[in-house]
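The primary structure of each chain is shown beneath.
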Amino acid sequence: MVFAAPNDALARAEGVLDADPSPLHASVAHQVIGIWQRDWGDMRIALHHLRRARDLAARAESAEREADVLAALGVALVHAGRTQQGLAALERGVERVSGHTRARVLFRRAYARWVLGHHRAALEDVRRAVPVLRQADDVIWTARALTLRATVHLALGAVDRADADFAAAEALWDTTGQEHDKADAVESRGLAAFRSGDIPAALRLLDEAEERYAKLGTPTFMLSIRRCEVLMAAGLAPEALAEADAAIAVLDRIGGQSTRKAELLLAAATAARLAGDAHTAIARADMAVRLFTGQRRPWWEAHARLVLIEARVAAGRSSGRLVADTAAVAERLASFGAPAAPEASLLAGRIALGLGWRADAERHLALAARSRRSGPPLARMTGWAAQALRARAAGSGRGVLEACRRGLDVLDAHRMTLGASELRARASAQGAELAALAQQASLDTGGPRRLLVWSERWRASALSAPPTRPPADPQLQSDLTAFREIAARAEAARMDARPVPALEREQRRLEREIRARTLHMRGDAPGDGHRFDPGRLLDRLGDGVRLVELAVLDGRVQVLLCGQGRVRRFEAGLLAEAEVEAEHVQAGLRRLAHPGAEARLPVVEAVGRRLEELLLGPAAAHLGDGPVVVVPPARLHRVPWALLPSLRERVVSVSPSATSWLRARETEPPRRGRHVLVRGPGLATGGAEVPHLAVRYGGAVVLEHADARVPRVLEELDGAELAHIAAHGAFRADSPLFSSLRMADGPIVVHDFERLDRSPYRIILSCCDTARFASVGADELLGLVTALLPLGTAGVVACSAPVNDAAVVPLMLTLHKGLDAGLSLAEALRDARAALPDDALHRATGWAFTAFGAA
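In short, a report on the structure. Bear in mind the structure is a predicted one, so any value in this text is a computation, not a measurement.

The rules we used
- Residues numbered from 1 in each chain as written.
- Predicted model: local features only at pLDDT ≥ 70, side-chain atom pairs only at ≥ 80, totals over all residues.
- Heavy atoms only, no water.
- Helix = DSSP H or I, 4+ residues; strand = E, 2+ residues; numbered from the N terminus.
- Buried < 20%, exposed > 50% of the residue type's maximum accessible area, 1.4 Å probe, protein only.
- Contact = heavy atoms within 4.5 Å.
- Expected span 1.5 Å × (residues − 1).
- Salt bridge = Lys/Arg side-chain N within 4 Å of Asp/Glu carboxyl O.
- Phe/Tyr/Trp six-rings, centres within 6.5 Å; stacked < 30°, edge-to-face > 60°.
- Axes fitted to C-alpha atoms, helices over the stretch in contact; angles between N-to-C directions.
- Parallel < 35°, antiparallel > 145°, perpendicular 65-115°, else oblique.
- Left-handed = near helix turned anticlockwise from the far one by under 90°.
- Nonpolar A, V, L, I, M, F, W, Y, C, P; charged D, E, K, R; others polar.

Observations regarding the side chain of Glu310
Line of reasoning, step 1. Position of Glu310 relative to the elements: it lies in helix α16 (residues 298–314).
Line of reasoning, step 2. On the basis of relative accessibility, which here comes to 9%, the residue Glu310 falls in the buried class.
Line of reasoning, step 3. In contact with Glu310, other than residues within four places in its own chain, are Arg273, Glu343 and Leu347.

This is the structure:
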């Protein structure tokens, strides 16, 4: 019962001991209690009960009973870090019996060897056990053995063999009532999905396994380790670090398995390194190395040493000793057949290159490059990164670009399996090195046009296809409805100064549920289907329009000025300095949104001039007189471009990429599209522009008061030609896809907009913070505007800073007057800024709004 209904088994075993049992029955009861404590409780208590069970089995003079207990005790000793004692107990168990019972003991020894990282020995034991268990028609233990064999195959990189064993085990589990074993099988299938590159399926299966474990009331330390691995591959390293640290805290509190603690420390170290926290990574990895060494687990120790070296390199360390240490780790990993061996060789080669050791670098990189032809996507990308570095060291710019192209193609194919826009965006970080190598090679060996191509190859690529939408998912719809209701109740409670902790907890729970369901979705879009063509861009720009794409190489802004049939390159300032100035501008605009802050205006204008020097440099003198399209890197998304002196009086729009601008430029408006005007609650002006706009657009759909409810708003927005939404905006830096606009029944979030078949052709968001984004991955943006652009929206006007509600009204009315006269959004916004009163408050309001896209 202990793996079918663990807590019931524990209670039954305790009941047996209360009834003065025989030594044989008492041995069974103590073993059950020991197994329960070993897997879900205190290891000291587990060892006490298992030793008692062993002694009672000896008193009962039952060799089979004694062998079975020795197997359980051996596994517990290994988990407690007493490796030699554990293996010795298992060896005695194997020697004591034969036949069916011996096969069960062999399975336990195989499991212990898997825990220790002795994968080939584990495989040998389980291969000997499976035929005997099958012959005895022992369904439960055969299924366990097949599950274990599949898991060992995964550790050795044999995904196809693992899949076959998992399928066979699942068929057997379906005939049993072993609920914990079934949950473990689902968890293992999640690991197999991850190893084959299917992250959405892995997340879905691991969440399903967690639900099963929760019903049984058992902790999930192994599940946490596996989920950390998947979260890291999905670009969610901070979440993986939080999960690992939380699991370690629980494990410490209950006195649980030392082996699991070491594995969790390794997961935490890896996550901290990926999250950019090198010092935390060093501390966690060092602890993991010490534990693995003490537990005599060389396979695990080698992986922990690799992460420790990676963290030290990230902290700025580099030396010949580090090259030797990394090469030794790579050699050990290769001897174990570990898939991480190429990663270690790549690191050794990278460090050697930094020291100028060309021959050593070539040797290590050549080893790493072997993985580029086969294996899961991230392993192949490691191989192509090594090949690109080899080509660069050999002075072959063409070789660098070819390797980068092949590696990024692998990543593109992988990202298109991800349905959630968040996962697509975050996964791009895995190709950052390849993209940087390609851009540098383009700069060194080609002209500005080639640099433009490679800048586009990697810019805002998550927006190249719409996210997968699940309109028929009733649970997601239900969760979104419940989320809105709870969020609205919480907001009302805050306004009444009532406590809201319980509502906030429920809101966070629903957010987790919604996000989990979206992350489970597989991609169903092939992407653009073509590569960026600079000739096509230049044709569309013509002679009058300039497109300014800002690439960043080695921290410096490279300005690519496109127009008049050519691409020119100018060098501007440092990105880090521009980011600081952009934050100063935001602070200034926040102050200017309130009357009485006129003294800040000269300061803000001075920062605008400084930003122009840093971001446009000498290119500012070559912009011509026509419209300008700015394509900034993700980290500059908050720059108010209309504040820059050379852009202040002209038509200017912003796009995440030149490709995105082309798509918007070529998007046709819907025929006989309707106009939709939405007014949310709680605005200082009450959305005063909306009644005036309703008169201007006779026949427009007006949604306000009780009509401005999320389901109705989404229904009317779908396929509209023009939408104007006056509602409070809230940006969520911690979870950008829950950035929202407040409607009558609660917030409408990015997840809601992603369910539209076609978002409105033009959207105007006359509220604060609607043009704020989270910069994630390599050069990706997550936020309200970027959710709309892949769904059919060709132009958006939105605001990147807090603004004065009263000052917004005349800006919006003049903007719509221009649209009614046939102007584009960028043209109408330029004219609306010029028509505002020439005071600090209104000027700041105009600067805060930006036109995105090309409509």
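Quick look at the side chain of Arg226
Line of reasoning, step 1. Tracing the chain through its elements places Arg226 in helix α12 (residues 221–233).
Line of reasoning, step 2. Judged by its relative accessible area of 5%, Arg226 is buried.
Line of reasoning, step 3. Once residues lying within four places of it in the same chain are set aside, the contact partners of Arg226 are Trp114, Thr151, Glu187, Ser188, Leu191 and Leu206.

Some thoughts on helix α20 (residues 377–393)
Line of reasoning, step 1. Taking 1.5 Å per residue, 17 residues should reach 24 Å; α20 reaches 24 Å between its end C-alpha atoms and fits that length.
Line of reasoning, step 2. Every buried residue belonging to α20 is among Pro377, Met381, Thr382, Gly383, Trp384, Ala385, Ala386, Ala388, Leu389 and Ala391, and all of these are buried.
Line of reasoning, step 3. Contact partners of the buried residues in α20: α18 (341–354), α19 (358–369), α21 (397–415) and α23 (432–445).

Observations concerning the pattern of salt bridges
Line of reasoning, step 1. Taken as a whole and assessed by the stated rule, the structure comprises 60 salt bridges.
Line of reasoning, step 2. Linking Glu402 and Arg405 is a salt bridge whose minimum nitrogen-to-oxygen distance equals 2.7 Å. On the criterion of helical spacing, the pair formed by Glu402 and Arg405 is a turn pair, its members being three residues apart in helix α21.
Line of reasoning, step 3. Several salt bridges share partner residues, and in doing so they unite Glu402, Arg405, Arg406, Asp409, Asp412 and Arg457 into one network.

What to know about the packing of aromatic side chains
Line of reasoning, step 1. Evaluation of the coordinates by the stated rule reveals seven aromatic pairs.
Line of reasoning, step 2. Ring geometry for Trp36 and Trp40: centres 6.2 Å apart, planes at 70°, overall edge-to-face. Placement of the pair is Trp36 and Trp40 together in helix α2 (residues 23–40), with a separation of four residues, close to one helical turn. In this pair, the class of Trp36 matches that of Trp40, namely buried.
Line of reasoning, step 3. Consider the rings of Phe292 and Trp300, whose centres lie 5.6 Å apart with planes at 25°: the pair is stacked. Of the two residues, Phe292 and Trp300, neither departs from the other in class, the shared state being buried.

Comments concerning the packing of helix α7 (residues 119–135) against helix α8 (residues 139–155)
Line of reasoning, step 1. Running from amino to carboxyl end, α7 crosses α8 at an angle of 155°, the nearest separation of the two axes being 9 Å. Our classification of the angle between α7 and α8 gives roughly antiparallel. The hand of the α7/α8 crossing is left-handed. Contacts between α7 and α8 pair His119, Ala122, Leu123, Val126, Arg127, Val130, Leu133 and Arg134 from the former with Trp141, Thr142, Ala145, Leu146, Leu148, Arg149, Val152, His153 and Ala155 from the latter.
Line of reasoning, step 2. A class-by-class count of the residues in the contact of α7 with α8 yields 11 nonpolar, three polar and three charged.

Observations concerning the environment of Arg373
Line of reasoning, step 1. As for its placement among the helices and strands, Arg373 is situated in the loop between α19 and α20.
Line of reasoning, step 2. Considered as a pair, Arg373 and Leu346 are 27 residues apart in the sequence and their alpha carbons are 15 Å apart.
Line of reasoning, step 3. Dropping the residues within four chain positions of it, Arg373 is found in contact with Arg380, Trp384 and Arg406.

Brief notes about the environment of Leu782
Line of reasoning, step 1. Assignment of secondary structure puts Leu782 in strand β14 (residues 780–783).
Line of reasoning, step 2. The class of Leu782 is buried, set by a relative accessible area of 4%.
Line of reasoning, step 3. Separated by 45 residues in sequence, Leu782 and Leu737 place their C-alpha atoms 6.9 Å apart.
Line of reasoning, step 4. Discounting chain neighbours no more than four positions away, the residues touching Leu782 are Ser421, Glu422, Ala425, Arg426, Phe731, Pro736, Leu737, Phe773, Ala774 and Val776.

Treat this as a map of the structure, not an account of what it does.
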